[in-house]
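# What the coordinates show
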Amino acid sequence: MSVSDLRQSYEKSVLLEGQAAASPFDQFKLWFDEALVAGGPEPNAMTLATVDASGQPSARIVLIKGYDDHGFTFFTNYESRKGCDLLANPRAALLFFWQPLERQVRIEGVVERVAADESDAYFNSRPVGSRIGAWASEQSRPITREALEAREREFRERYGDAPPRPPHWGGYRLAPTRFEFWQGRPSRLHDRLRYQRDAGGAGWTLDRLSP
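Now for a look at the structure at hand. (Residues numbered from 1 in each chain as written. Predicted model: local features only at pLDDT ≥ 70, side-chain atom pairs only at ≥ 80, totals over all residues. Heavy atoms only, no water.)

## Quick word on helix α2 (residues 81-88)
Residues separated by three or four positions in an α-helix point in the same direction, a consequence of the helix having 3.6 residues per turn. Looking only at α2, the buried set comprises K82, G83, D85 and L86. Down the axis, α2 shows its buried residues gathered within 160° of arc, on one side only. Tucked inside the fold, the buried residues of α2 contact β1 (45-51), β2 (57-63), β4 (71-77), β5 (91-98), β6 (103-113) and β7 (169-183). (Buried < 20%, exposed > 50% of the residue type's maximum accessible area, 1.4 Å probe, protein only. Helix = DSSP H or I, 4+ residues; strand = E, 2+ residues; numbered from the N terminus. Arc of directions from axis to C-beta. Contact = heavy atoms within 4.5 Å.)

Below, the structure written as structure tokens:
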């Protein structure tokens, strides 16, 4: 079969304005909870898209580690490619794709680092191997496998089972300015509902986008 012949008919659900929550955060929680129940792989996985100082975009999968009405939180190495991108251009986009439900959520907004105590709390909740890995990995820099494993041994010997949070590692929070909820429909006539911050910044406007 040719790649161009691969098709999926989306028929599982609908998304109408009368069904949508007034707040995009409430709508996200509803869909996220349904994605958890649906049992697809890693419903907390999201694509994070950033842009560097020259305008070059890049994207990768990261894991959401918290969300509330203030935004969406993830953790990484501040000196990684995405960390450098966010330092140069603190705007980003998130994309969730929940294939079992034939749904996407797109989120755009402004990113800032979370407070140090929040980063500390999450870091200390991680398995010890992941905490050692945060020290061992000079993320996004060239390295051999042998050198990486040597660094892992070095920091395990240094810190044992109680490594502190590295100063180059911590959390970011994306504060949304725009959401789009996408529900697959037959004949590619998908439902796309967009929430945008209103002029005063206190509430949200909702409209439908053509598929």
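## Here's the deal with helix α1 (residues 24-38)
Between its first and last C-alpha atoms α1 spans 21 Å; for 15 residues at 1.5 Å apiece the expected length is 21 Å, and the two agree. Considered for burial, the residues of α1 that qualify are P24, F25, Q27, F28, W31, F32 and A35. Taken around the axis of α1, the buried residues stretch over an arc of 155°, which confines them to a single face. Two or three places before F25, at the start of α1, stands the capping residue S23, its side-chain oxygen 3.1 Å from that residue's backbone nitrogen. Remark: G39 follows α1 within two positions and exhibits a positive phi of approximately 80°. (Expected span 1.5 Å × (residues − 1). Polar contact = N/O pair within 3.5 Å; in protein donor to acceptor, adjacent residues only side chain to side chain.)

## What about unusual backbone geometry?
A positive phi angle, near 60°, is found at S187, a position not held by glycine. When you line up the elements, S187 lands in the loop between β7 and β8 (191-197). Judged by its relative accessible area of 66%, S187 is exposed. Of note, the phi angle at R188 is positive, near 65°, even though the residue is not glycine. On the secondary structure map, R188 appears in the loop between β7 and β8. Assessed through its relative accessible area of 40%, R188 is described here as partly exposed.

## Here we look at the packing of helix α4 (residues 128-136) against helix α5 (residues 145-159)
Interaxial distance between α4 and α5 falls to 9 Å at its minimum, and their mutual angle equals 120°. When you trace α4 past α5, the crossing you get is right-handed. Of the residues in α5, those touching α4 at G129, I132, W135 and A136 are L148, R151, E152, F155, R156 and Y159. Among the residues making up the contact of α4 with α5, the classes are represented as 6 nonpolar, 1 polar and 3 charged. (Axes fitted to C-alpha atoms, helices over the stretch in contact; angles between N-to-C directions. Left-handed = near helix turned anticlockwise from the far one by under 90°. Nonpolar A, V, L, I, M, F, W, Y, C, P; charged D, E, K, R; others polar.)

## Digging into the packing of aromatic side chains
Tallied over the full model, the rule gives 27 aromatic pairs. Plain terms: the ring middles of F28 and Y67 are 4.9 Å apart, the flat faces sit at 80° to each other, and that makes the pair edge-to-face. A residue pair is termed long-range when its members are at least 10 positions apart, and F28 in helix α1 and Y67 in strand β3 (residues 66-68) qualify at 39 residues. Note on F28: relative accessible area 0%, which makes it buried. Over the ring of Y78 we find R113; its NZ or CZ atom is 3.6 Å from the centre of that ring. (Phe/Tyr/Trp six-rings, centres within 6.5 Å; stacked < 30°, edge-to-face > 60°. Lys NZ or Arg CZ within 6 Å of the ring centre and 35° of its normal.)

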